[in-house]
Amino acid sequence: MIDDHVHPFGLEFTPFDPAALTLDVEPGEPAAQRRRRLAPGRLHLHLLQARLARLLGVHVNDAVAARDETARGDWPGWVRRLFDDAEITGFVMDEAVGGTPGPVTRYVDVAGRPFWSLARIDPLVDELIGSGASAAEIVDGVETFMQAAADGGCVGFKTILAYRTGLAVDPEVDLAAAQRSLDSDLPVRRRAKPLRDLVLRGAFARAADLNLPFQVHTGFGDSELRLAEADPLLLEDLLRTPEGAAATVVLIHGSFPWHASAAYLAATKPNVWVELSLSNLFAPVGVADRLLGILDLAPTGRVLLGSDGHGAPETHWFGCSVLADAWRDVAGRLLDAGADAGWVTATRDAIFENNAREVYQLN
């Protein structure tokens, strides 16, 4: 499969710490102690370690130690073993967070398969707001950044506006209102909602001009997110604008827990795709139900899959392995519902690989 949404992992051996795979990202040692204390009771961590134990042929209690012993001696070999096991053929990577950021070519060398890059616009917007740039300078800066990223070979763009001022984008905001919104005492990441709304509308237009897709974080995320502001239906007004209708928009993470809403948008908007990732890491048992719910409504040509792997290659492997298991369940239910076997096979090929190659124009 093409894993269409990941973040960097370590390029050299790093001990595996399952407790670090959490949505609780509050800083400080008390929070770290809490995460370690709660880790044994987190189902996703138990299932990850159980799967790892089966791969290594050890007891679940010995999985982490056996992994570290195996990976320490040949890190590229271990990474490739994981990705071979999950049948991952390539990755679309957002380099903004993760293990050890580095040139995409370094990940290709370690993993033995292609990586393609996304360009996230929000860090630049944060930086420009913090530096005192004007609204016009910020809008122009984002367009310049996007052009440079496209010239550099990125295959798409991304926003985490849901983590900033939310997805309820006002499509009527103008440059004057955007400029006024910069005068605020709020923290930079919560500052200037009208400006950020204007930037995203313009960025959609620029992405359409560049013929590159735009990933939008929707649905749940880590504890820095205000979940109520991440409902994909909040984007409807933006999607009705000329800019919103022109861009190829990918609603990532299946918009969980609003996966039916995301599927509806993919079913009714000619330029919207829905991508299932992240919940396969943190709520793996229900993935088959969510995937079937998406396919029950969205056209099969509008569905993508990813892991949202980050920090450790085991997260990429686990997320994709969970998707493969979920598909086997879904395929059986589709056949039981009367779907033709050839249609089911074609659907598998589309959502696991072919759709990603088309949307991101991958070689």
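Keep in mind it's a predicted model, so treat the numbers as computed, not measured. (Residues numbered from 1 in each chain as written. Predicted model: local features only at pLDDT ≥ 70, side-chain atom pairs only at ≥ 80, totals over all residues. Heavy atoms only, no water.)

Caption draft 1: Structural detail: the nonpolar core. By size, the foremost hydrophobic cluster in this structure holds 110 residues, and its most contacted members are Ile-138, Met-146, Phe-157, Leu-195, Phe-214 and Trp-327. With ten residues, helix α15 (residues 313–336) is the largest single contributor of residues to this core. One finds Leu-118, Val-155, Val-250 and Ile-252 within the second-largest nonpolar core, a separate group that totals 13 residues. (Core = buried A, V, L, I, M, F, W, Y, C linked by side-chain atoms within 4.5 Å. Buried < 20%, exposed > 50% of the residue type's maximum accessible area, 1.4 Å probe, protein only. Helix = DSSP H or I, 4+ residues; strand = E, 2+ residues; numbered from the N terminus.)

Caption draft 2: Spatial organisation of unusual backbone geometry. Cis geometry marks the peptide bond from Phe-256 to Pro-257; its omega dihedral reads 10°. Here Pro-257 is to be found in the loop between β6 (249–252) and α12 (259–268). Phi at Ser-255 takes a positive value of approximately 55°, unusual for a residue other than glycine. Mapped onto the secondary structure, Ser-255 falls in the loop between β6 and α12.

Caption draft 3: The packing of helix α3 (residues 63–73) against helix α4 (residues 75–85), seen in detail. Where α3 contacts α4, the axes come no closer than 5 Å and their chain directions differ by 120°. Regarding the angle of α3 to α4, the classification is oblique. Note on element contacts: α4 touches α3 through Trp-75, Trp-78 and Arg-81, opposite Arg-67, Thr-70, Ala-71 and Gly-73. Of the residues that constitute the contact of α3 with α4, the class distribution is three nonpolar, two polar and two charged. (Axes fitted to C-alpha atoms, helices over the stretch in contact; angles between N-to-C directions. Parallel < 35°, antiparallel > 145°, perpendicular 65-115°, else oblique. Contact = heavy atoms within 4.5 Å. Nonpolar A, V, L, I, M, F, W, Y, C, P; charged D, E, K, R; others polar.)

Caption draft 4: Local environment of the packing of aromatic side chains. On inspection of all chains with the given rule, the structure shows eleven aromatic pairs. Arranged with centres 6.1 Å apart and planes meeting at 80°, the rings of Phe-13 and Trp-75 form a pair that is edge-to-face. Pair noted here: Phe-13 is in the loop between β1 (2–6) and α1 (29–38) and Trp-75 is in helix α4, with a separation of 62 residues, a long-range link. Judged by its relative accessible area of 23%, Phe-13 falls in the partly exposed class. Aromatic side chains Phe-91 and Phe-115 sit 4.6 Å apart centroid to centroid with 15° between the ring planes, which places their arrangement in the stacked category. Of this pair, Phe-91 sits in strand β2 (residues 90–94) while Phe-115 is found in strand β3 (residues 115–120), placing the two residues 24 residues apart along the sequence. Each of the two residues, Phe-91 as well as Phe-115, counts as buried. Residue placement shows Arg-290 over the ring face of Phe-256; its charged tip is 4.5 Å from the ring centre. In this structure, Arg-348 packs its charged tip against the face of Phe-352, placed 3.9 Å from the ring centre. (Phe/Tyr/Trp six-rings, centres within 6.5 Å; stacked < 30°, edge-to-face > 60°. Lys NZ or Arg CZ within 6 Å of the ring centre and 35° of its normal.)

Caption draft 5: Focus on helix α5 (residues 104–111). Along α5, the residues that are buried comprise Tyr-107, Val-110 and Ala-111. For α5, the angular spread of buried residues about the axis comes to 85°, placing them on one side. Facing away from the buried side of α5, by more than 90 degrees, are the exposed residues Thr-105 and Asp-109. Those residues of α5 that are buried lie in contact with α4, β2 and β3. Positive phi shows up at Gly-112, right after α5, with a value of about 70°. (Arc of directions from axis to C-beta.)

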